[in-house]
Amino acid sequence: MSLLRQVALGVAGLVVLGLSGCANPPGKPGPGPEVVNPDSIADFAVLYKANCAGCHGFDGKGGAAIALGDPVYLAVADDAVLRRVATEGVPGTSMPAFAKSKGGMLTEKQVEIIAHGIREKWAKPDVLRGADPPPYAATTAGNSSRGADVYTIFCASCHGIAGKGGKASSIVNGSFLALMSDQELRTIVIVGRPELGAPDWRGNVPGKSMSAQDVSDVVAWLASQRAQFPGEPYPQTDKSTGGTR
Amino acid sequence: MRLIETIGKWLDARLQIGETIRETAEHSVPRDTASWFYVFGSAALVVFMLQIATGIMLALIYVPSAGQAWNSLQILNHSITLGWFIRGLHGWGSDFMVAIVLIHMVQVFLFGAYKYPRELTWMVGVLLLLVTLGMAFTGQVLRFDQDAYWGLGIGVSIASHVPLMGSWIVSLMLGGPIIAGATLTRFFALHVFVIPGLLIGFVAVHLLMVIKLGINEWPMPGRIVRKATYVKEYHELTKKDGIPFVPAAVWKDMFFSGAILLAVAACAIYFGPFGPSGQPDPTIIQTAPRPDFFFLWLYAVLSFLPPSMETPAMLIGPVVVIGGLLLLPFIFGEGEKSWKRRPIAVLTILLVAVALGTLTHLATYTPWSPVMDAWSSLPIPAEYLHNRSALERQGALVFQVKQCHNCHSLDHEGGKRGPALDAVALQLTDDQLIRQVIQGGGNMPAYGKNLSPAETTALVSFLKTLHPEGRPPARDAALAHAAGSVAPATHP
């Protein structure tokens, strides 16, 4: 009899367990398709991580490319810049085009979400209160020979004579310059790379900010250092010793 | 009760099969075959019946058209009461069935049950394994999602390697050169008519032979199978020490089959149905599609084989394996049955299991997928960017944008297809690095024209930074000498 009772109890227990499972079984698919169509992802965090973080860093900084989360950068560059660059990329550099219309994988709306999200997440409206930063895009043509002087005043202390490297690395290497657009050089001169210790336009020389003309001139000078055949010949290659692999 | 009995009698008077059924059920089997080792065959049969039942239910809703298949699965998952559960049962049932058939086969192999006079039973069993795999494969295609695409892609690429007839077979399989609507209707017909028909037929023959020839006795070391004497010995054994199959032996089968059904149901409830993963839109490339579990190992083999080996391996491999299985009972038709006296058989099983297990494990790394987006979401680890020159940072960006990260890991993150590059500068000189990225080699694509000289220079200068602190990168001895004696190379 007691065996029977045990069995009955066991069965009852199983039934209860089963019923409780049935109310909300874990295997029941949640609402909506399991895998979202990539086009319909509208979450900034997801989009940023999947598309931008690899080069610009998870937190908008710490990547190899410029920190998009730098409030100073966001105060200088407007939404139109973020949107345009993300859409079209920067040809000749490692910044790819992301919009479908340009061969990328994001819809226009997703680009918009990213541009908007970057600003919402990292911008600090007041960072440049009272400061008068040079404009994001050049308004006047730069003069490269004046630029050489500007370089000596503002940059040589770190980047060495003629930009060949000192405390900070060379910025006139042909291959480096070939992979950077003029605008990017300008952006970096204005906002610096704070996470790397590169100062913005106010910090090169204590107490002495660069003027808009200074910025244009030094960028013109850097641009004039571009090599005709950058990267060629490959450094330190020697045909006679190359047969080991 | 009376009524049922009357109807039964009336039917049997006309059908005349009652006696046969009773005789079959009660036929005498060797006592020690009433063992937990002998339950897999019947469990496979029971799961097969579950598949038929759930399959019919699914077919009521499923629409075998390229445009609507995916949506009809969504309807099953979300709009139909317990539709998701039926899908779960059918999907998990399929995995269980393949697994049980494999286990059954291993058991039969280790117990020598394929030996005389059961050669044909074994051969039909091999065919049953093939059609079961065929069901699993075609079923996965019916899901018609990203994974199905990829699973099918592998199947097709195997078929396309057949010389001369390759493209003909592909278009026969797909209903055209590419995976499209016609493909799905074809696989539907295969999955619900052709292959199940074969399966039922083979099962019938297989069972008939099991009953006629008797269940394999428990192998005793030293009891040798000889064609001349085996049948007589077997009959003596069942007469001397036999028990009726029903009820003495069958309860273990029933218990085990019941447990398996419960396990299938539990998996369906707890893990849910498979997919459907992303919509089968070939323009959506941001997925990491992966075929179903039982075909994963194949996926790994294909990605590992150097291209020149693929064709021969794909053509010869299956012929050797299937041919070997079919011929097995003819080569080893007599002799010792017990696995205790057949070390090579045991070793073979272990070897195959380890190989398949390893390959399956390898295939679970995502970077095998055709298009990969790991590159854009996985930054270069911060310490690899610390104290780098402007040029080296550009090299890191080239590394990202050219998707090197998909195949190569840095600090344990990234693809596993190529070697980790954390210390690559210790092994390769500049020259060798340039050669590797321009010309590729092994399974690495040649980047050649896809890298400008400036990009190559930047990339190599970044790769040169990849060495543990305090250990200098590799240098070409001849070059180092030249550089030292003539002029220091201009450092970037």
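Conventions we followed
Residues numbered from 1 in each chain as written. Chains lettered and ligands numbered in written order. Predicted model: local features only at pLDDT ≥ 70, side-chain atom pairs only at ≥ 80, totals over all residues. Heavy atoms only, no water. Helix = DSSP H or I, 4+ residues; strand = E, 2+ residues; numbered from the N terminus. Buried < 20%, exposed > 50% of the residue type's maximum accessible area, 1.4 Å probe, protein only. Contact = heavy atoms within 4.5 Å. Areas by Shrake-Rupley, 256 points an atom, 1.4 Å probe, with all protein chains shown as cover. Patch = residues over 30% accessible without salt bridge, like charges linked within 9 Å, V, L, I, M, F, W, Y side chains within 5 Å. Salt bridge = Lys/Arg side-chain N within 4 Å of Asp/Glu carboxyl O. Phe/Tyr/Trp six-rings, centres within 6.5 Å; stacked < 30°, edge-to-face > 60°. Lys NZ or Arg CZ within 6 Å of the ring centre and 35° of its normal. Core = buried A, V, L, I, M, F, W, Y, C linked by side-chain atoms within 4.5 Å. Axes fitted to C-alpha atoms, helices over the stretch in contact; angles between N-to-C directions. Parallel < 35°, antiparallel > 145°, perpendicular 65-115°, else oblique. Left-handed = near helix turned anticlockwise from the far one by under 90°. Nonpolar A, V, L, I, M, F, W, Y, C, P; charged D, E, K, R; others polar. pLDDT = per-residue confidence, 0-100. Expected span 1.5 Å × (residues − 1). Polar contact = N/O pair within 3.5 Å; in protein donor to acceptor, adjacent residues only side chain to side chain.

**Comments concerning the overall build of chain A**
Then, in step 1: In terms of regular secondary structure, chain A is built from eleven helices and zero strands.
Then, in step 2: Burial analysis of chain A (245 residues in total) assigns 39% to the buried set.
Then, in step 3: Of the contacts formed within chain A by residues at least 6 apart in sequence, a portion of 65% connects residues at least 24 apart.
Then, in step 4: For chain A, the exposed surface amounts to about 13,200 Å²; the carbon and sulfur share of it is 60%.

**Describing a nonpolar patch on the surface**
Then, in step 1: A cluster of nonpolar side chains, contributed by B:Leu3, B:Ile7, B:Trp10, B:Leu11, B:Leu15, B:Ile17 and B:Ile21, occupies part of the molecular surface with about 720 Å² of accessible area.
Then, in step 2: The element contributing the most residues to the nonpolar patch is helix α1 (residues 2-15) of chain B, with five residues.

**Overview of the side chain of B:Ser338**
Then, in step 1: Examined against the element boundaries, B:Ser338 turns out to sit in the loop between β4 (335-336) and α14 (343-363).
Then, in step 2: When neighbours within four sequence positions are excluded, B:Ser338 is seen to be in contact with B:Leu110, B:Pro219, B:Met220 and B:Pro221.

**Things to note about the packing of aromatic side chains**
Then, in step 1: This model, assessed by the stated rule, comprises 21 aromatic pairs over all chains.
Then, in step 2: A centroid spacing of 6.2 Å and a plane angle of 75° characterise the contact between A:Phe44 and A:Trp122, whose relative ring orientation is edge-to-face. In this pair, A:Phe44 is assigned in helix α2 (residues 44-51) and A:Trp122 in helix α6 (residues 108-122), connecting sequence segments 78 residues apart.
Then, in step 3: The class for A:Phe44 is buried, based on a relative accessible area of 14%.
Then, in step 4: Classification of A:Trp122 as buried rests on a relative accessible area of 13%.
Then, in step 5: Plain terms: the ring middles of B:Phe37 and B:Trp218 are 5.9 Å apart, the flat faces sit at 65° to each other, and that makes the pair edge-to-face. With a gap of 181 residues between them, B:Phe37 in the loop between β1 (28-30) and α3 (40-61) and B:Trp218 in the loop between α9 (181-213) and β2 (224-225) connect regions that are remote in the sequence.
Then, in step 6: On the basis of relative accessibility, which here comes to 44%, the residue B:Phe37 falls in the partly exposed class.
Then, in step 7: Feature note: the residues B:Phe37, B:Tyr38, B:Phe111 and B:Trp218 constitute an aromatic cluster, connected by ring pairs.
Then, in step 8: The positively charged end of B:Arg118 is found above the aromatic ring belonging to B:Tyr234, 5.2 Å away from the centroid.
Then, in step 9: Stacked on the ring of B:Phe109, the Lys or Arg B:Arg342 has its end atom at 5.5 Å from the ring centre.

**Considerations on the nonpolar core**
Then, in step 1: Judged by nonpolar contacts, the single largest core of 76 residues is most densely connected at A:Tyr73, A:Ile118, B:Phe399 and B:Leu463.
Then, in step 2: For A:Tyr73, the residues in contact, after removing those within four places along its chain, are A:Ile66, A:Ala67, A:Leu68, A:Val81, A:Leu82, A:Tyr136, A:Thr187 and A:Val191.
Then, in step 3: Judged by nonpolar contacts, the second largest core, of 50 residues, contains B:Met135, B:Val203, B:Tyr234 and B:Cys267.

**Topic: the packing of helix α5 (residues 83-110) of chain B against helix α11 (residues 245-271) of chain B**
Each pair of packed helices gets described by two things: the angle between the helix axes and the distance between those axes.
Residues and elements named next belong to chain B.
Then, in step 1: Across the interface, α5 lies against α11 with an axial gap of 8 Å and an inter-helix angle of 130°. On the basis of their axis angle, the class for α5 and α11 is oblique. As α5 packs across α11, the resulting crossing turns out to be right-handed. On the side of α5, the interface is formed by Trp84, Phe85, Gly88, Leu89, Trp92, Gly93, Phe96 and Ile100, while α11 contributes Ile260, Ala263, Val264, Ala265, Cys267, Ala268, Ile269 and Phe271.
Then, in step 2: For the contact of α5 with α11, the residue count by class is 14 nonpolar, two polar and no charged.

**What to know about the pattern of salt bridges**
Then, in step 1: All told, the structure shown has 14 salt bridges over all chains when counted by the stated rule.
Then, in step 2: One salt bridge in this structure joins B:Glu5 and B:Lys9, with 3.6 Å as the shortest N-O distance. Taken together, the residues B:Glu5 and B:Lys9, both in helix α1 and four residues apart, mark about one turn of the helix. Like B:Lys9, B:Glu5 is exposed.
Then, in step 3: One network of salt bridges, with partners in common, ties together A:Arg146, A:Asp214 and A:Asp217.

**Some words on the confidence of the model for chain A**
Residue and element names in this part refer to chain A.
Then, in step 1: The pLDDT averaged across chain A works out to 85; a share of 82% of its residues lies at or above 70.
Then, in step 2: When mean pLDDT is compared element by element in chain A, helix α10 (residues 182-191) scores highest at 96, while helix α1 (residues 2-23) scores lowest at 61.
Then, in step 3: In the predicted structure, residues 236-245 sits below a pLDDT of 50 and forms 17 contacts with residues beyond four places in sequence or in another chain.

**Structural notes on helix α6 (residues 119-142) of chain B**
Residue and element names in this part refer to chain B.
Then, in step 1: Compared with the 34 Å implied by 1.5 Å per residue over 24 residues, the 35 Å span of α6 between its first and last C-alpha is a close match.
Then, in step 2: Across the 24 residues of α6, 18 count as buried, placing the element largely inside the fold.
Then, in step 3: Positive phi shows up at Phe144, right after α6, with a value of about 50°.

**A few points about unusual backbone geometry**
Residue and element names in this part refer to chain B.
Then, in step 1: Look at the link from Tyr116 to Pro117: it is a cis peptide, with omega at 5°.
Then, in step 2: Along the chain, Pro117 falls in the loop between α5 and α6.
Then, in step 3: Between Val246 and Pro247 the backbone carries a cis peptide bond, its omega angle lying at 5°.
Then, in step 4: Structurally, the position occupied by Pro247 is in helix α11.

**With respect to the packing of helix α16 (residues 390-401) of chain B against helix α19 (residues 453-463) of chain B**
Residue and element names in this part refer to chain B.
Then, in step 1: Taken N-terminus to C-terminus, the directions of α16 and α19 make an angle of 100°; their axes are 7 Å apart at the nearest point. Here α16 lies roughly perpendicular to α19, going by the angle between them. Packed against α16, whose contacting residues are Leu391, Glu392, Gln394, Gly395, Ala396, Val398 and Phe399, the element α19 presents Glu455, Ala458, Leu459, Ser461, Phe462 and Leu463 at the interface.
Then, in step 2: The residue inventory of the contact of α16 with α19, partitioned by class, reads eight nonpolar, three polar and two charged.

**So, the environment of B:Trp297**
Residues and elements named next belong to chain B.
Then, in step 1: By the element assignment, Trp297 lies in helix α12 (residues 296-304).
Then, in step 2: A sequence separation of 58 residues divides Trp297 from Ala355, and the C-alpha atoms of the two residues are 8.9 Å apart.
Then, in step 3: Residues contacting Trp297, with those up to four places away along its chain left out, are Leu356, Leu359 and Thr360.
Then, in step 4: A polar atom in the side chain of Trp297 sits 3.0 Å from the backbone oxygen of Phe294.

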